[in-house]
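The primary structure of each chain is shown beneath.
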Amino acid sequence: MPTKAATKEAKIIAVVNNKGGVAKTTSVLNIGAGLARRGKRVLLIDADGQANLTTCFGFPKDGKKSLYEVLCETKSIKDVMIKCTNGVSLVPGAESLNTVEAQAAAANWDMREFRLKHALEEIKDQYDYIFIDCPPAMDTRVTNALAVATEVYIPVIAEPLSLQGLDSIINRIDQIISKRVNSRLRITGVIITLFKPKVAIAKDCVMYLEEKFPNVVFHTRIRDTVTLKEATASDKDIFQYAPNKQGAWDYSALVDEILKREKIENEKESTHNG
Ligand SMILES: Nc1ncnc2c1ncn2[C@@H]1O[C@H](COP(=O)(O)OP(=O)(O)O)[C@@H](O)[C@H]1O
Ligand SMILES: [Mg+2]
């Protein structure tokens, strides 16, 4: 008989923020890598037309085997997936993703919000964690991510301007729930990124976030450090690039926190199921 762990559903986490430059891609890359190092089966999906996640792995951003072809239903997700050297699987992004909105309207796509959900049906059981790196927008690509996600993580910089966009994310998620695109969607993680511990206003912003998202803000702070910037240009994740430096420590601590939350959830579930 299969074990409970083997039949457990994949966590599908949409990483969203309409602001660019808040470390969505950096977080998807390094959380994914960290979880793979701890033996989890990880799939990363690049839904951004900038395709930064894809180029971080050293792949081009004009490939013809990307999420774009999957959303257009001209290729299956298995046809476009790549196994990366750090153990994660990647569904690449491409610049063509920027045309999805226009394509969907021109060709009057049916079930346009659910195309990623349908595509993932055949493979999602093979993964423990699936992360979707979303573009800084609230369009069809993001709706596809939110329709299939079981959870949402929001990376955010602890500075006043960065906090302003949060209500629009919350509103979007409320809409997704109320329109029954995905009624079980929840924000389960807020990641404080590019953190500067010595900046006084950062502390106030953290307090604001902890009040706005009780028990959701991760305790780990991802500090601002040049190695995370350098790693992006090296085709490596932070554990490959600089395993003994601050960036790797912070993302490693965040991965520990994610796994700790998973363990608590599993314990609650097994108590509940008797
Ligand atoms: N903790 C950090 N310290 C320093 N630079 C960072 C950190 N996190 C991300 N960066 C850099 O900030 C920029 C934006 O990050 P990125 O992950 O591309 O954001 P997004 O995907 O939200 O647009 C990139 O140049 C990245 O290398
Ligand atoms: Mg990005």
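1. Remarks on the overall build of the protein
Part 1: What the protein contains, in helices and strands, is 14 helices and eight strands.
Part 2: On C-alpha atoms alone, the protein measures out to a radius of gyration of 18 Å, which is about the 19 Å that the 2.2 N^0.38 rule sets for 274 residues.
Part 3: Its C-alpha atoms give the protein principal-axis dimensions of roughly 50 × 50 × 40 Å.
Part 4: Here the protein holds 274 residues, and 44% of them are scored as buried.

2. Quick notes on the environment of lysine 83
Part 1: Relative to the helices and strands, lysine 83 resides in strand S3 (residues 82–83).
Part 2: Given 9 C-beta atoms within a 10 Å radius, lysine 83 is considered exposed.
Part 3: The spacing of lysine 83 and leucine 43 is 40 residues in sequence and 9.1 Å in space, taken between C-alpha atoms.

3. So, the site of ligand 1
Part 1: Lining the immediate surroundings of ligand 1 are 16 residues, of which Ala23, Lys24, Thr25, Thr26 and Leu228 lie closest.
Part 2: Mapped onto the shell around ligand 1, the elements with two or more residues apiece are helix H2 (24–37), strand S7 (187–195) and helix H12 (226–232).
Part 3: A breakdown of the residues in the shell around ligand 1 according to their chemical character gives five nonpolar, eight polar and three charged.

4. Focus on helix H14 (residues 246–272)
Part 1: Its 27 residues give H14 an end-to-end C-alpha distance of 39 Å, which sits within 8% of 39 Å, the value for a rise of 1.5 Å per residue.
Part 2: Buried residues of H14: Gly247, Ala248, Asp250, Tyr251, Ser252, Leu254, Val255 and Ile258, and no others.
Part 3: Contact partners of the buried residues in H14: H2, S7, strand S8 (217–223), H12 and helix H13 (238–241).
Part 4: Just downstream of H14, glycine 274 is the residue with a positive phi angle, here 75°.

5. A short note on the nonpolar core
Part 1: Formed by 80 residues in total, the largest nonpolar core has its most connected members in Ala14, Phe131, Ile132, Ala145 and Ala149.
Part 2: Discounting chain neighbours no more than four positions away, the residues touching alanine 149 are Ile12, Ile13, Ala14, Ile132, Asn182 and Leu185.

6. What about the packing of H2 against H14?
Part 1: Where H2 meets H14, the axes come as close as 9 Å, and the angle between the chain directions of the two elements is 65°. Relative to H14, H2 is oriented roughly perpendicular. The two elements H2 and H14 meet at a crossing, and its hand is right-handed. Touching Asn30, Ile31, Gly34 and Leu35 of H2 are Tyr251, Ser252, Leu254, Val255 and Ile258, all from H14.

Rules used in this analysis
Sequence order sets the numbering: in each chain, residues are counted from 1 along the sequence as written. As a convention, the first chain written is A and the first ligand written is 1, with the rest following in written order. Totals for whole chains, interfaces and linings use every residue, but because this is a predicted model, local features are given only for residues with pLDDT of at least 70 and side-chain atom pairs only at 80 or more, for both listing and counting. Strands here mean DSSP runs of E at least two residues long; helices mean DSSP runs of H or I at least four residues long; both are numbered from the N terminus. Throughout, the radius of gyration refers to the C-alpha atoms, and the reference size of a globule is 2.2 Å times the residue count to the power 0.38. A residue is called partly exposed when the number of other C-beta atoms within 10 Å of its own lies between 12 and 20, exposed at 12 or fewer, and buried at 20 or more, with C-beta atoms placed from the backbone. Should the C-beta atom of a residue, placed from the backbone, lie within 6 Å of a molecule or strand, that residue is near it. Amino acid classes used here: Ala, Val, Leu, Ile, Met, Phe, Trp, Tyr, Cys and Pro are nonpolar; Asp, Glu, Lys and Arg are charged; the rest, including Gly, are polar. A helix's residues, less one, multiplied by 1.5 Å, set its expected span. For the purpose of contact definition, each residue receives a C-beta atom placed from its backbone, and two residues are in contact when these atoms lie within 7 Å. To define a nonpolar core, we join buried Ala, Val, Leu, Ile, Met, Phe, Trp, Tyr and Cys residues through C-beta atoms within 7 Å and take the resulting set. Angles run from 0 to 180 degrees between N-to-C directions of axes, and those axes are lines fitted to C-alpha atoms, restricted for helices to the stretch in contact. Roughly parallel means an angle under 35 degrees; roughly antiparallel, over 145; roughly perpendicular, 65 to 115; everything else is oblique. In this scheme, a crossing is called left-handed if the near helix is turned counterclockwise away from the far one by less than a right angle; it is called right-handed if the turn is clockwise.

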